[in-house]
Amino acid sequence: GENVEQHPSTLSVQEGDSAVIKCTYSDSASNYFPWYKQELGKRPQLIIDIRSNVGEKKDQRIAVTLNKTAKHFSLHITETQPEDSAVYFCAAKEGSARQLTFGSGTQLTVLP
Amino acid sequence: DTEVTQTPKHLVMGMTNKKSLKCEQHMGHRAMYWYKQKAKKPPELMFVYSYEKLSINESVPSRFSPECPNSSLLNLHLHALQPEDSALYLCASSLERGTYEQYFGPGTRLTVT
(Lines give C-alpha, C1' and ligand atoms only; values in the text may rest on other atoms or scores of the structure.)
Protein backbone atom coordinates (compact mmCIF):
# COMPACT_ATOMS: atom_id res chain seq x y z
CA GLY A 1 0.00 0.00 0.00
CA GLU A 2 0.87 3.67 -0.13
CA ASN A 3 3.21 5.24 2.44
CA VAL A 4 3.54 9.01 2.84
CA GLU A 5 6.32 10.65 4.83
CA GLN A 6 6.09 14.30 5.83
CA HIS A 7 8.79 16.68 7.05
CA PRO A 8 9.37 18.62 9.16
CA SER A 9 7.10 17.67 12.07
CA THR A 10 7.34 21.21 13.46
CA LEU A 11 8.19 24.47 11.72
CA SER A 12 8.45 27.97 13.16
CA VAL A 13 8.78 31.00 10.91
CA GLN A 14 8.66 34.73 11.38
CA GLU A 15 5.61 36.53 10.05
CA GLY A 16 6.20 37.49 6.43
CA ASP A 17 8.68 34.70 5.78
CA SER A 18 7.99 31.66 3.58
CA ALA A 19 7.29 28.15 4.83
CA VAL A 20 7.89 24.90 2.96
CA ILE A 21 6.59 21.46 3.95
CA LYS A 22 7.70 18.37 2.05
CA CYS A 23 6.15 14.95 1.52
CA THR A 24 7.34 11.82 -0.23
CA TYR A 25 5.18 8.94 -1.34
CA SER A 26 5.94 5.35 -2.25
CA ASP A 27 3.33 4.25 -4.80
CA SER A 28 4.03 5.46 -8.32
CA ALA A 29 0.35 4.84 -9.15
CA SER A 30 -0.72 7.70 -6.85
CA ASN A 31 -2.14 10.56 -8.88
CA TYR A 32 -3.87 12.91 -6.45
CA PHE A 33 -2.14 14.92 -3.72
CA PRO A 34 -4.21 17.16 -1.43
CA TRP A 35 -3.08 19.36 1.44
CA TYR A 36 -5.24 19.90 4.50
CA LYS A 37 -4.94 22.62 7.14
CA GLN A 38 -6.29 21.85 10.60
CA GLU A 39 -6.56 24.57 13.20
CA LEU A 40 -6.84 23.55 16.83
CA GLY A 41 -10.23 21.99 17.52
CA LYS A 42 -11.40 22.38 13.93
CA ARG A 43 -11.93 20.15 10.93
CA PRO A 44 -9.23 19.38 8.36
CA GLN A 45 -9.79 21.91 5.59
CA LEU A 46 -8.73 21.22 2.01
CA ILE A 47 -6.55 24.16 1.01
CA ILE A 48 -5.00 23.03 -2.26
CA ASP A 49 -4.54 19.87 -4.28
CA ILE A 50 -2.63 18.74 -7.33
CA ARG A 51 -3.04 15.94 -9.80
CA SER A 52 -0.23 14.01 -11.42
CA ASN A 53 -0.62 15.64 -14.82
CA VAL A 54 0.34 19.01 -13.33
CA GLY A 55 3.74 20.04 -11.92
CA GLU A 56 2.72 23.13 -9.97
CA LYS A 57 -0.44 24.81 -8.81
CA LYS A 58 -0.82 28.15 -7.10
CA ASP A 59 -3.63 29.81 -5.17
CA GLN A 60 -2.75 33.25 -3.84
CA ARG A 61 -0.07 32.73 -1.14
CA ILE A 62 -0.18 28.95 -1.35
CA ALA A 63 1.47 26.75 -3.96
CA VAL A 64 2.06 23.05 -4.35
CA THR A 65 4.76 21.45 -6.51
CA LEU A 66 4.92 17.84 -7.62
CA ASN A 67 7.91 15.85 -8.82
CA LYS A 68 6.59 12.51 -10.06
CA THR A 69 10.02 11.16 -10.91
CA ALA A 70 11.29 11.68 -7.39
CA LYS A 71 7.88 10.94 -5.88
CA HIS A 72 7.71 14.00 -3.74
CA PHE A 73 5.47 17.04 -3.43
CA SER A 74 5.73 20.21 -1.40
CA LEU A 75 3.54 22.95 0.04
CA HIS A 76 4.85 26.51 -0.17
CA ILE A 77 3.30 29.33 1.83
CA THR A 78 4.59 32.82 1.12
CA GLU A 79 4.19 35.97 3.23
CA THR A 80 3.09 33.91 6.22
CA GLN A 81 0.60 35.37 8.66
CA PRO A 82 -0.27 34.34 12.25
CA GLU A 83 -3.54 32.84 11.00
CA ASP A 84 -1.49 30.36 8.94
CA SER A 85 -0.51 28.71 12.23
CA ALA A 86 -2.03 25.21 12.19
CA VAL A 87 -1.22 21.57 11.57
CA TYR A 88 -0.81 20.79 7.88
CA PHE A 89 -1.34 17.28 6.50
CA CYS A 90 -0.32 16.07 3.08
CA ALA A 91 -2.00 13.05 1.55
CA ALA A 92 -1.77 10.83 -1.50
CA LYS A 93 -4.31 8.74 -3.32
CA GLU A 94 -3.61 5.93 -5.72
CA GLY A 95 -5.55 5.53 -8.91
CA SER A 96 -9.25 4.97 -8.39
CA ALA A 97 -8.88 4.05 -4.72
CA ARG A 98 -11.18 5.88 -2.35
CA GLN A 99 -8.69 6.01 0.48
CA LEU A 100 -6.38 8.89 1.18
CA THR A 101 -3.06 8.05 2.82
CA PHE A 102 -2.05 10.91 5.11
CA GLY A 103 1.36 12.13 6.16
CA SER A 104 2.07 12.50 9.87
CA GLY A 105 1.47 16.27 9.91
CA THR A 106 3.48 19.46 10.36
CA GLN A 107 2.77 21.93 13.16
CA LEU A 108 3.41 25.35 11.61
CA THR A 109 3.80 28.29 13.97
CA VAL A 110 4.03 31.80 12.55
CA LEU A 111 5.64 34.13 15.06
CA PRO A 112 4.47 37.77 15.05
CA ASP B 1 -21.99 24.38 -0.85
CA THR B 2 -19.10 22.32 0.48
CA GLU B 3 -20.64 21.62 3.85
CA VAL B 4 -20.65 18.41 5.84
CA THR B 5 -22.42 18.64 9.18
CA GLN B 6 -22.04 16.41 12.23
CA THR B 7 -23.94 16.02 15.49
CA PRO B 8 -23.34 16.10 18.35
CA LYS B 9 -20.28 18.34 18.67
CA HIS B 10 -19.31 16.75 21.96
CA LEU B 11 -20.28 13.46 23.53
CA VAL B 12 -19.40 11.92 26.88
CA MET B 13 -20.44 8.34 27.37
CA GLY B 14 -19.82 5.53 29.79
CA MET B 15 -18.47 2.18 28.74
CA THR B 16 -21.92 0.56 28.96
CA ASN B 17 -23.79 3.24 27.01
CA LYS B 18 -25.13 3.10 23.47
CA LYS B 19 -24.94 6.30 21.45
CA SER B 20 -24.89 7.36 17.81
CA LEU B 21 -22.99 9.94 15.80
CA LYS B 22 -24.67 11.53 12.81
CA CYS B 23 -23.31 13.04 9.61
CA GLU B 24 -25.14 14.77 6.78
CA GLN B 25 -24.15 16.23 3.40
CA HIS B 26 -26.24 17.75 0.64
CA MET B 27 -23.59 18.03 -2.05
CA GLY B 28 -24.78 15.00 -4.00
CA HIS B 29 -21.67 13.08 -2.97
CA ARG B 30 -21.97 9.32 -3.22
CA ALA B 31 -18.98 8.32 -1.08
CA MET B 32 -18.96 8.95 2.67
CA TYR B 33 -16.29 8.19 5.25
CA TRP B 34 -15.74 7.83 8.97
CA TYR B 35 -12.34 8.74 10.37
CA LYS B 36 -10.95 8.64 13.90
CA GLN B 37 -8.39 11.25 14.88
CA LYS B 38 -6.24 11.41 17.97
CA ALA B 39 -4.58 14.67 19.02
CA LYS B 40 -1.77 15.86 16.70
CA LYS B 41 -2.17 12.73 14.51
CA PRO B 42 -3.57 12.37 11.01
CA PRO B 43 -7.10 11.06 10.53
CA GLU B 44 -7.31 7.25 10.47
CA LEU B 45 -9.82 5.77 8.07
CA MET B 46 -12.47 3.55 9.67
CA PHE B 47 -15.21 2.98 7.09
CA VAL B 48 -16.10 3.96 3.53
CA TYR B 49 -19.58 3.87 2.05
CA SER B 50 -20.03 4.03 -1.70
CA TYR B 51 -23.53 4.41 -3.10
CA GLU B 52 -24.90 3.60 0.36
CA LYS B 53 -23.06 0.29 0.52
CA LEU B 54 -20.18 -0.42 2.88
CA SER B 55 -17.13 -0.80 0.68
CA ILE B 56 -14.24 -0.52 3.15
CA ASN B 57 -13.99 -1.56 6.79
CA GLU B 58 -10.46 -0.99 8.08
CA SER B 59 -10.66 -3.84 10.62
CA VAL B 60 -12.61 -1.68 13.04
CA PRO B 61 -13.84 -3.40 16.26
CA SER B 62 -17.49 -4.40 16.21
CA ARG B 63 -18.30 -1.94 19.00
CA PHE B 64 -18.38 0.60 16.14
CA SER B 65 -21.25 -0.04 13.75
CA PRO B 66 -21.75 2.21 10.71
CA GLU B 67 -25.02 2.77 8.88
CA CYS B 68 -25.90 4.68 5.72
CA PRO B 69 -29.70 5.16 5.65
CA ASN B 70 -29.57 7.19 2.42
CA SER B 71 -27.13 9.01 0.18
CA SER B 72 -27.09 12.10 2.41
CA LEU B 73 -26.81 10.53 5.85
CA LEU B 74 -24.20 8.50 7.66
CA ASN B 75 -24.43 7.21 11.22
CA LEU B 76 -21.92 5.61 13.53
CA HIS B 77 -23.45 3.54 16.32
CA LEU B 78 -21.33 3.14 19.43
CA HIS B 79 -21.67 0.43 22.06
CA ALA B 80 -19.46 -0.79 24.91
CA LEU B 81 -16.62 1.55 24.03
CA GLN B 82 -13.29 1.69 25.83
CA PRO B 83 -11.52 4.80 27.19
CA GLU B 84 -8.94 4.48 24.40
CA ASP B 85 -11.75 5.10 21.90
CA SER B 86 -11.87 8.72 23.08
CA ALA B 87 -10.99 10.81 20.02
CA LEU B 88 -12.33 13.22 17.42
CA TYR B 89 -14.60 11.36 14.99
CA LEU B 90 -14.70 12.96 11.57
CA CYS B 91 -17.10 12.35 8.75
CA ALA B 92 -16.12 13.18 5.17
CA SER B 93 -17.68 12.93 1.73
CA SER B 94 -16.56 12.99 -1.89
CA LEU B 95 -17.98 12.53 -5.35
CA GLU B 96 -17.70 8.93 -6.32
CA ARG B 97 -16.37 9.62 -9.76
CA GLY B 98 -14.66 12.44 -11.61
CA THR B 99 -13.20 14.38 -8.70
CA TYR B 100 -11.40 13.18 -5.63
CA GLU B 101 -11.76 16.01 -3.13
CA GLN B 102 -12.80 14.86 0.34
CA TYR B 103 -14.58 17.41 2.49
CA PHE B 104 -14.60 16.92 6.24
CA GLY B 105 -17.28 17.69 8.77
CA PRO B 106 -16.43 19.50 12.02
CA GLY B 107 -16.23 16.26 13.96
CA THR B 108 -17.63 14.88 17.19
CA ARG B 109 -15.31 15.05 20.19
CA LEU B 110 -15.98 11.76 22.01
CA THR B 111 -14.93 11.06 25.59
CA VAL B 112 -15.43 7.58 27.01
CA THR B 113 -15.41 7.43 30.81
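Our subject is the structure that appears above.
Residues numbered from 1 in each chain as written. Chains lettered and ligands numbered in written order. Predicted model: local features only at pLDDT ≥ 70, side-chain atom pairs only at ≥ 80, totals over all residues. Heavy atoms only, no water.

Chemist: Which residues make up the state of the cysteines, and what are the values?
Modeler: Residues and elements named next belong to chain B. A full pass over the atoms with the stated rule returns 2 disulfides over all chains. Disulfide pairing places Cys23 opposite Cys91 at an S-S distance of 1.9 Å. Disulfide Cys23-Cys91: the torsion about the S-S bond is -65°, which places it as left-handed. Remark: Cys91 occurs in strand S9 (residues 87-94) and Cys23 occurs in strand S3 (residues 18-25); sequence separation between them is 68 residues. For Cys91, a relative accessible area of 0% puts it in the buried group. As a non-bridged cysteine, Cys68 has Cys23 as the owner of its nearest cysteine sulfur, 9.2 Å distant. (Disulfide = S-S within 2.5 Å. Helix = DSSP H or I, 4+ residues; strand = E, 2+ residues; numbered from the N terminus. Buried < 20%, exposed > 50% of the residue type's maximum accessible area, 1.4 Å probe, protein only.)

Chemist: Quick one: what's the story with the interface of chain B and chain A, residue by residue and with numbers?
Modeler: When the parts come together, some accessible area is lost, and that loss is often what is quoted as the size of the interface. The interface is formed by 27 residues belonging to chain B together with 19 residues belonging to chain A. Buried area between chain B and chain A, both sides added, is near 1,900 Å², and the carbon and sulfur share of it is 56%. When the buried surface of chain B facing chain A is broken down by residue, Tyr100(B), Gln102(B) and Phe104(B) rank first, second and third, together holding 33% of it. Summed over the shared surface of chain B and chain A, the number is 1 salt bridge. Applying the counting rule to chain B against chain A returns 5 residue pairs in polar contact (both at pLDDT 80 or more). Those elements that place two or more of their residues in the side of chain B that touches chain A are strand S4 (31-37), strand S5 (44-50), strand S6 (53-57), S9 and strand S10 (103-104) of chain B. At 4 residues, the largest contribution of residues to the side of chain B that touches chain A is made by S4(B). Residue composition of the side of chain B that touches chain A, grouped by class: 15 nonpolar, 6 polar and 6 charged. (Contact = heavy atoms within 4.5 Å. Buried area = accessible area lost by both parts, 1.4 Å probe. Salt bridge = Lys/Arg side-chain N within 4 Å of Asp/Glu carboxyl O. Polar contact = N/O pair within 3.5 Å; in protein donor to acceptor, adjacent residues only side chain to side chain. Nonpolar A, V, L, I, M, F, W, Y, C, P; charged D, E, K, R; others polar.)

Chemist: Go over the sheet that holds strand S6 (residues 56-59) of chain A, please, and point to the residues and values.
Modeler: Residues and elements named next belong to chain A. Ordered in space as S1-S3-S8-S7-S6, the 5 strands form an open sheet in which the pairing is antiparallel. Looking along the sheet, the strands with just one partner apiece sit at the ends: strand S1 (4-7) and S6. Taken pair by pair, the neighbouring strands of this sheet meet at an average axis angle of 15°, ignoring direction. Here S1 runs beside strand S3 (residues 19-25); their pairing, made up of 4 bridges, is antiparallel. Pairing of His7 across the sheet is with Lys22, part of S3. (Pairing = 2+ DSSP bridges. Axes fitted to C-alpha atoms, helices over the stretch in contact; angles between N-to-C directions.)

Chemist: Give a detailed account of the sheet that holds strand S8 (residues 73-79) of chain B, specifying residues and quantitative values.
Modeler: All names here are of chain B. Taking strand neighbours across the sheet as the criterion, the 4 strands line up as S1-S3-S8-S7 in an open arrangement whose pairing is antiparallel. Both edges of this open sheet fall to strand S1 (4-7) and strand S7 (64-70), since each of them pairs with a single strand only. Neighbour-to-neighbour, the strand axes of this sheet turn through a mean angle of 20°, independent of strand direction. Across 4 bridges, S1 lies against S3 in antiparallel orientation. The partner of Val4 across the bridge, within S3, is Gln25.

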